[in-house]
Amino acid sequence: MKINCIFLSLCLGFNLLSFCQDAPVDAYQDSLQSIIDSDVSKNVKKESLFLLGEYLVQRDPDKAELIAEDLKANFIKNDSNEIRRNNYIFAASHRWHGDYSTALEYYRGINSYSKRNNDSLDIAISSHFIGTISMYLGNNVESQKHLLEAAEIYDVVGTAKQKARINNTLAGFYLNVDQLEKGKQQYLKALKQFEVLKDSTGLASVNANLGMVYTDLGEYEKAEYHLMKQKEYNVVFPTLREMGFHHDFLGLLRQEQNRLDEAYEEHLKALKIRENLSSTYNLCESKINMGEILIKLKRYDEAIDQLKDVFSFEEHESLNQEQRAYDLLAEAYEKKGDYKSALGTFKAYKAMTDSIYSKESIEIIAEKDALYNQQKKDAEIALLSKEKEISETKLSRSRSIMIISLIGLGLLAIAALALLKLNKKIKSKNETITKALKDRELLLHETHHRVKNNLQMISSLLNLQSKYVKDDNVLEVLQNGRNRVQSMAILHKNLYVGEDLNMVNIQHYFEGLVDSILNSYNKTENDVDLKIDADKVTMDVESVIPLGLIVNELITNSLKHAFPKDIKSKPEITLKMSEREDFYTLRVSDNGVGIQNDIIENGKKESFGQRLIRSLSKKLKASMSVTNDNGTSVSFVLPK
């Protein structure tokens, strides 16, 4: 029971250390604060606030929570990932205040969000926290569920450090359900992992826990060795909280060694440290240990005062601590001679024990019992079926049935031979068909490859021809023709390198097309901010050819006419395509000077490119609309 209550808080604290930096407090905190106070961009300030909040959750949870509130109010809008990151700070700050119910709600919300977004690693991280806190609160069934979920994910995608940490926590779980030997082996496994990683924080935690395990096993030399190792590793991360654990654990060892005065001094040191810290759980832990040593020293009134204080801290809702406090109070009252109070507290202890263990045990036993009963019924049904089968066999042992059976077997043999022959014939035909399909697919790949090469050659010839042309109008015509040819070449390239020879991934196609157009005008992404959004849209090759020519014309027109040299803002072109049940929508827009109204209304003679767009739209049976507001936007609706 002693270990079950104590190791939990060390697991809780250790899990959070992954959020903290290893730099000295003043240097790291001051450097982040100086960035926040300086004249930097909002994004830099936001990231610095995140890092500072994550750093301070253990050292100064009040300030960490204020930082999280500032981020929520002034920096985070609708970014779900940033909200989740900030919720980790809120959860941790509530934990260090001892408000475990609120912290658990935050972690459950993070866990639900991560599952909706299939973020396996974050599911594991949040499950690790939920499992640890649930174990601390006495909810062993829920704890096991989440810890095993985290362990399974870490086995696949976790880092070596995450695997070591989950082993450390699982070891604590086994101790909590009285599997001491299994817990010890799990701790030793985690110790080896942390030694390979040279993780001082992890080594401090696992050595402290092993000290408690060996204390409970009566192996006091090993217990002292591991507790002294914990003290050595705590030098790397020297916080008062860690020293509180060291003194409390050492006090428990001294109790078992019957060195009661030394035990009292160690527990007193831990209590004085924890009276100045934010964690009410750790404070109650020290009060329980003080109560225990004071009982052994026969200072019953002082012990009762310490143990009663445990029930004045309700925010962490630790059933384990309340159970142990009731147990010790009953002992103190009994030894003091107050048998009435001893009986009352003993009844409370029994009720608390039932609330922690009996409820889960009943659920587990009921589940196993139901499974057992079902297996038993299945076995009985199987036995009855077998007996019925034997009876039917005995009844059917007649000459006429045997003859019929033989005839049936003969017919089955004939049918089997016929089926075997038919199967060979079908297999042979299938192999022929499969080979023909593979040959066809290879031919289609080769065809698309050759078409692409031929179109590339035409494009190269047009490009080469343009170098000998002095007339700007002719040069423009050649360049436009080259871009149109290139749009078809890119399509065939996507087809012959892809798995599907008939359907085209529009996102990939548009990306290649846009790169080609930018290159032809000697433009880069630094010159033009070009955004493409056509994810998960696929179309057949016959529809994509005219679609690619339309996009080519629209982007070319934007590059040529929408952005005169005197324009101040950076050119932006957006290409978006989406798919609905019965139609596709395509929109190409820019933030340029806008198209002239007389062109929109066909009052002015159309260029070849404009006529080409209308002709291709007609071929696709698409409706087209043009708007002229802060640039030009051309939209198409294409029926499927």
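As a reminder, the structure under discussion sits directly above these lines.
Overview of the structure.

Here is what the cut-offs are and how they apply
- Numbers given to residues run from 1 along each chain, matching the order in which its sequence is written.
- In keeping with the model being predicted, local features are shown solely for residues with a pLDDT of at least 70 and side-chain atom pairs are shown and tallied solely at 80 or more, while totals for entire chains, interfaces and linings include all residues.
- Computation of side-chain values covers all heavy atoms of the structure but excludes hydrogens and water.
- Only DSSP runs of H or I with at least four residues qualify as helices, and only runs of E with at least two residues qualify as strands; both kinds are numbered from the N terminus onward.
- Exposure is judged per residue with a 1.4 Å probe applied to protein chains only, and the accessible area is read against the type maximum: over 50% gives exposed, under 20% gives buried, and values in between give partly exposed.
- Whether two residues are in contact is decided by their heavy atoms, any of which lying within 4.5 Å being enough.
- Every accessible area reported is derived by Shrake-Rupley at a probe size of 1.4 Å, with residue values counting cover from the shown protein chains alone.
- Think of a nonpolar core as a cluster: buried Ala, Val, Leu, Ile, Met, Phe, Trp, Tyr and Cys residues, connected wherever their side-chain atoms sit within 4.5 Å.
- Strands pair, by our definition, only if DSSP identifies at least two bridges between them.
- The axes are straight lines fitted to the C-alpha atoms, using for helices just the contacting stretch, and the angles between their N-to-C directions are given from 0 to 180°.
- Any carboxyl oxygen of Asp or Glu that lies within 4 Å of a side-chain nitrogen of Lys or Arg is treated as forming a salt bridge with it.

## Examining the overall build of the protein
Now for step 1: The helix and strand inventory of the protein stands at 24 helices and seven strands.
Now for step 2: When burial is assessed residue by residue, the protein has 44% of its 640 residues classed as buried.
Now for step 3: Taking as baseline every contact in the protein between residues at least 6 positions apart, the subset at least 24 positions apart corresponds to 65%.
Now for step 4: Of the roughly 34500 Å² that the protein leaves accessible, carbon and sulfur atoms contribute 53%.

## Section: the nonpolar core
Now for step 1: Among the nonpolar cores identified, the biggest contains 39 residues, and Ile 506, Phe 510, Met 577 and Leu 586 are the most heavily contacted of them.
Now for step 2: Among the elements of the structure, helix H21 (506–520), helix H22 (541–562), strand E4 (572–579), strand E5 (583–590), helix H24 (608–619) and strand E7 (632–639) are those that each provide at least two residues to this core.
Now for step 3: Among the elements that make up this core, the one with the highest residue count is H22 (nine residues).
Now for step 4: Look past the residues within four positions of Leu 586 in its chain and what remains in contact with it is Phe 510, Leu 547, Val 551, Leu 575, Lys 576, Met 577, Val 634, Ser 635 and Phe 636.

## Side note on the sheet that holds strand E2 (residues 529–533)
Now for step 1: Judged by pairing direction, the sheet is mixed, and its five strands sit side by side in the order E2-E4-E5-E7-E6 without closing on themselves. Unpaired on one side and paired on the other, E2 and strand E6 (623–628) mark the two borders of the sheet. Here the average twist between neighbouring strands, direction ignored, is 10 degrees.
Now for step 2: As judged from the five bridges shared by E2 and E4, these two strands associate in the parallel manner. What sits directly across from Lys 531, in E4, is Thr 574.
Now for step 3: The strands that H21 touches are E2, E4 and E5; relative to E2, the one it contacts most, it runs at about 160 degrees.

## Re unusual backbone geometry
Now for step 1: At Lys 298, a residue that is not glycine, the phi angle is positive and equals roughly 65 degrees.
Now for step 2: The backbone of Asn 630 shows a phi angle near 55 degrees, a positive value even though the residue is not glycine.
Now for step 3: Tracing the backbone through its elements, the reader meets Asn 630 in the loop between E6 and E7.
Now for step 4: Take Asn 630: its relative accessible area is 69%, and that puts it in the exposed class.

## Some thoughts on the pattern of salt bridges
Now for step 1: Summed over the entire model, instances satisfying the criterion amount to 24 salt bridges.
Now for step 2: Residue Lys 184 is joined to Glu 181 by a salt bridge in which the shortest nitrogen-to-oxygen separation is 3.3 Å. Of this pair, Lys 184 and Glu 181 are both found in helix H10 (residues 180–197), three residues apart, which corresponds to roughly one turn of the helix.
Now for step 3: What makes Lys 184 buried here is its relative accessible area of 12%.
Now for step 4: Note on Glu 181: relative accessible area 44%, which makes it partly exposed.
Now for step 5: We note a salt bridge from Lys 222 to Glu 219, for which the minimum N-O separation is 3.2 Å.
Now for step 6: Using a relative accessible area of 29% as the deciding quantity, one classes Glu 219 as partly exposed.

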